[in-house]
Every structure is written in C-alpha cells, then in structure tokens.
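What follows is each chain in one-letter form.
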Amino acid sequence: MEDGRITDDRITASSTHDYRSVGPQNSRIRKEKSGGAWCPNALVDKDSYEYLQIDLLKLMVITKVEVQGRFGNGNVSKTLYTQLLTSLSYLKG
C-alpha cells in the first residue's frame, strides 16, 4: 500500500469523518497527504467496529500489518491493536 501499487479506489472504509481530508485513500503509512490518516466518522471505543478494507484483486497471504497514529498528534488506540490481533488470530484458525 505504501508505494501506491494499490490504487486509492481499492481502499474503502466502514465510515469516514471527512472523505477529502481523512478518507481511506489517506491511510497509507508514512504519508502526510491531506489530513495524514484515515479517521472514521465517530470516535473509536471498545464497542466500535470501524475498519479499512483493501481489495488485493486476488487471494493473498498477509504476513505483516503496520499501523501508525495520525501525524498531528494522533495515537493508535489500544482498541485498534486488540481488534487487529483478534482478527489475525481468527484468520489463523
């Protein structure tokens, strides 16, 4: 995703606060484009279910996932890590 081989139209999200500035197309790591991140419409908490969806065009094995907070003063929440680890554990079986 970082190098742009996955085009913006293949990155979607469950919701977006403001598509132009913090839409899913801005979720690429180490990029400070527009708002510098994807932000869901509502604040994320332990009962939220917000996600990015990336169309890889074919079946692929994902071996690593890297996340970062928003460049301004954002942080990656503990909730995100918990949901990510749960999802990866589910996929492993």
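Nothing here was measured: the structure is a model prediction, and the numbers come from that model.

Parameters and conventions
Residues numbered from 1 in each chain as written. Predicted model: local features only at pLDDT ≥ 70, side-chain atom pairs only at ≥ 80, totals over all residues. Heavy atoms only, no water. Helix = DSSP H or I, 4+ residues; strand = E, 2+ residues; numbered from the N terminus. Buried < 20%, exposed > 50% of the residue type's maximum accessible area, 1.4 Å probe, protein only. Contact = heavy atoms within 4.5 Å. Areas by Shrake-Rupley, 256 points an atom, 1.4 Å probe, with all protein chains shown as cover. Patch = residues over 30% accessible without salt bridge, like charges linked within 9 Å, V, L, I, M, F, W, Y side chains within 5 Å. Salt bridge = Lys/Arg side-chain N within 4 Å of Asp/Glu carboxyl O. Phe/Tyr/Trp six-rings, centres within 6.5 Å; stacked < 30°, edge-to-face > 60°. Polar contact = N/O pair within 3.5 Å; in protein donor to acceptor, adjacent residues only side chain to side chain.

Student: Teacher, can you tell me more about the overall build of the protein here?
Tutor: Of regular secondary structure, the protein possesses two helices and two strands. Its helices and strands in sequence order give the protein the pattern β-α-β-α, from N to C terminus. Counting over 93 residues, the protein shows a buried share of 20%. A separation of at least 24 residues holds for 53% of the contacts in the protein among residues at least 6 apart in sequence. Carbon and sulfur atoms make up 53% of the accessible area of the protein, which totals about 7300 Å².

Student: So what exactly am I meant to see when it comes to unusual backbone geometry here?
Tutor: What you tend to see is this: most non-glycine residues have negative phi, and most peptide bonds are trans. In the Ramachandran plot, Leu-57 falls in the positive-phi region, its phi being about 70° despite a non-glycine side chain. Relative to the assigned elements, Leu-57 resides in the loop between strand 2 (52-54) and helix 2 (78-92).

Student: Can you help me understand a nonpolar patch on the surface in this one?
Tutor: Together, Met-60, Ile-62 and Val-65 make up a nonpolar patch on the protein surface, roughly 270 Å² of accessible area in all. With respect to the secondary-structure elements, Val-65 resides in the loop between strand 2 and helix 2.

Student: Which parts of the structure should I look at to understand the pattern of salt bridges?
Tutor: Two side chains bearing opposite charge may form a pair once their charged atoms approach each other closely. Applying the stated criterion to the full structure yields three salt bridges. Of the charged contacts, one joins Asp-3 and Arg-5 as a salt bridge, the two residues approaching to 2.7 Å between their closest N and O atoms. The class of Arg-5 is exposed, set by a relative accessible area of 70%. A salt bridge links Arg-28 to Asp-8; its shortest N-O distance comes to 2.8 Å. Residue Arg-28 is found in the loop between helix 1 (19-22) and strand 2, and its partner Asp-8 is found in the segment before strand 1 (11-13); the two are separated by 20 residues along the sequence. In this structure Arg-28 comes out as buried when scored by relative accessible area, which is 10%.

Student: Could you clarify how one ought to interpret the packing of aromatic side chains in this entry?
Tutor: Each aromatic ring pair is specified by the distance between its two centres and by the angle formed by the two planes. Scanning all chains against the criterion turns up one aromatic pair. Measuring from ring centre to ring centre gives 5.5 Å for Tyr-49 and Tyr-51, while their planes differ by 50°; the resulting arrangement is tilted. Of the residues examined, Tyr-49 reaches a relative accessible area of 65% and is grouped as exposed.

Student: What is the right way to read the side chain of Gln-25 from this model?
Tutor: If you trace the backbone, Gln-25 turns up in the loop between helix 1 and strand 2. For Gln-25, a relative accessible area of 8% corresponds to the buried category. At 2.9 Å, the side chain of Gln-25 forms a polar contact with the backbone oxygen of Tyr-19. With residues up to four places along the chain from it excluded, the contact list for Gln-25 reads Asp-8, Tyr-19, Arg-20 and Lys-33.

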